[in-house]
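An overview of the molecular structure
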Amino acid sequence: MNQEESNLDKFERYVMNNIPIRLIRLSDMKFVVRSDVKKHFRSSVPLEDSLYHPSESVRYAILSHRWLDEGEPTYDDMKANIAESLAGYTKLINFCKKAREYGMEFAWSDTCCIDKNNSTELDESIRSMFRWYRNSAICIVHLAQSETIADVEHDEWFTRGWTLQELLAPERIKFFYKRWTPMTDDEDDKNMEPTEVMETLERASGISFDDLFFTPGPIRVDKRMTWAARRKTTRAEDVAYSLMGMFDVSLQVAYGEGGDRAFCRLIEAIMQAGDPSVFNWKGQSAEHCTSRAIPQSPQSYVDCQDLEFDDERLEMTMTSLGLRVPLAILPLNVSWRRFDGSSTQLKLKCPLCPTIEIDFTSYDHTNLFPEDIGKAMSDEYSWVYALGVVNYSNIEGLREVLGIRRKSAGFILARKPKSTFPPGFQPSDILGITIVCRPEKKFTKWSLINSGGLIAVEFPNIPEESVVYIDPDYLQSVYL
């Protein structure tokens, strides 16, 4: 295949998969589709340029704004030529004017460029929107409540769910105030230098300077969820849908499923990448059908513990029994326990490191065993409780050992003694089959008793930035 064919194939694949389904042609304010865009830009594809990227040819402006409560021009309004009478049409015209000033021939607005009556188009648009903002030549942001830079931190644009990805995804952003005056004289306000604008964006969004230039992916989940924690969406499901692009996962759009179910599906999709930071949350778990390891919302990650997870990945699989995940199981002994009617307070010690002491309170009594604290201290019951460490290491070149960090984190797990047969049961002959006592199964499976995130522990005898090696027999798959 020669260079011309390669670049043309690359160009056509890009147009058909990586730009919006529909754009506004600025010369006549008419809609065009991808095939029209392909014809328009095809002649600009270089014949001999091994470094060519289609975004050099396919350039469009994209709008980010806070929707009006009513009066935004829709796709149907534009097709019926009645958009001019609507309150939001002036905003659309001003956006297109600014786009032309940037030399753009095409533009996209989420108000009118999506046919929301077409469920297939709506689904693709929501799943692809982060990529569309990423690939735009310029993102034009209208801050409708700001007239000076001092107003920006209080502008509603920084409180809405969808505008988070519209801040993070574009490589170039230009901010305009309420009356469409530019915030600065710069062509690009998303600057790699610590300008006044960038410092304002940090304060207004709660996102650090470096993270404003982030790469999407299902990593650093605990940190990234806090960026969305104080943002709101009109539709409950959009809390999850608006985060798909940031975490580089894909969900089927199903309005009507409810926000809780949509967020559970988002977390399940993120978990497939195996980053243990997804467990670093607090509070009550979501009402998931099988697992108690799913948080309720982005707010669950606020004030989470400052934990390091490096690049280790866990195999996480959602099953009918719960979330299956391999954990390093470290035994815990109960040294003290008190039940006050509404909660159970425990003091747990690790026999592998006697200086480790965990104070723990649970409001879920279904998994707190045994009832007799004396039994909990006996050898027979010493493995009733355990810490399931999530940030262990599989030591490179030493697959027969596990590495435990000085600063570790895990779940408090419990399992109770279990007999093969109920008390008083005697073997008998039923229908000619003789039932005999098999070897006693000592315990039930491990159960999660702190459905509020991770417990942090620090092993004092392990040097900083180091690990200790333990036997791989401590690694067990549990169902959370």
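Treat the numbers as computed from the prediction; the structure is a model and nothing was measured. (Residues numbered from 1 in each chain as written. Predicted model: local features only at pLDDT ≥ 70, side-chain atom pairs only at ≥ 80, totals over all residues. Heavy atoms only, no water.)

**Some words on the overall build of the protein**
Per the secondary structure count, the protein includes twelve helices and 20 strands. By the burial criterion, 50% of the 480 residues in the protein qualify as buried. As displayed, the protein offers around 23600 Å² of accessible surface, 48% of which is attributable to carbon and sulfur atoms. (Helix = DSSP H or I, 4+ residues; strand = E, 2+ residues; numbered from the N terminus. Buried < 20%, exposed > 50% of the residue type's maximum accessible area, 1.4 Å probe, protein only. Areas by Shrake-Rupley, 256 points an atom, 1.4 Å probe, with all protein chains shown as cover.)

**A few points about the environment of Ser119**
Inspection of the secondary structure puts Ser119 in helix H5 (residues 119-134). Placed 135 residues apart in sequence, Ser119 and Ala254 show a C-alpha to C-alpha distance of 9.6 Å.

**Digging into the sheet that holds strand S13 (residues 402-405)**
The strand order across the open sheet formed by three strands is S12-S13-S19, and the pairing between neighbours is antiparallel. The two strands at the open ends of the sheet, each matched to only one other strand, are strand S12 (393-394) and strand S19 (467-470). Inspection of the sheet shows S13 paired to S19 by four bridges, in the antiparallel sense. Among the inter-strand pairings, Arg405 is bridged to a residue of S19, identified as Val467. (Pairing = 2+ DSSP bridges.)

**A short note on the sheet that holds strand S5 (residues 138-142)**
Taking strand neighbours across the sheet as the criterion, the six strands line up as S2-S1-S4-S3-S5-S6 in an open arrangement whose pairing is mixed. Of all strands in the sheet, those bounded by a partner on one side alone are strand S2 (30-33) and strand S6 (173-176). For this sheet, the mean angle separating the axes of adjacent strands, direction not counted, is 35 degrees. The pairing of strand S3 (residues 61-64) with S5 spans four bridges and is parallel. Across the sheet, Ala61 pairs through a bridge with Ile138, a residue of S5. (Axes fitted to C-alpha atoms, helices over the stretch in contact; angles between N-to-C directions.)

Honestly, that's just the spatial picture; any functional story needs more than this.
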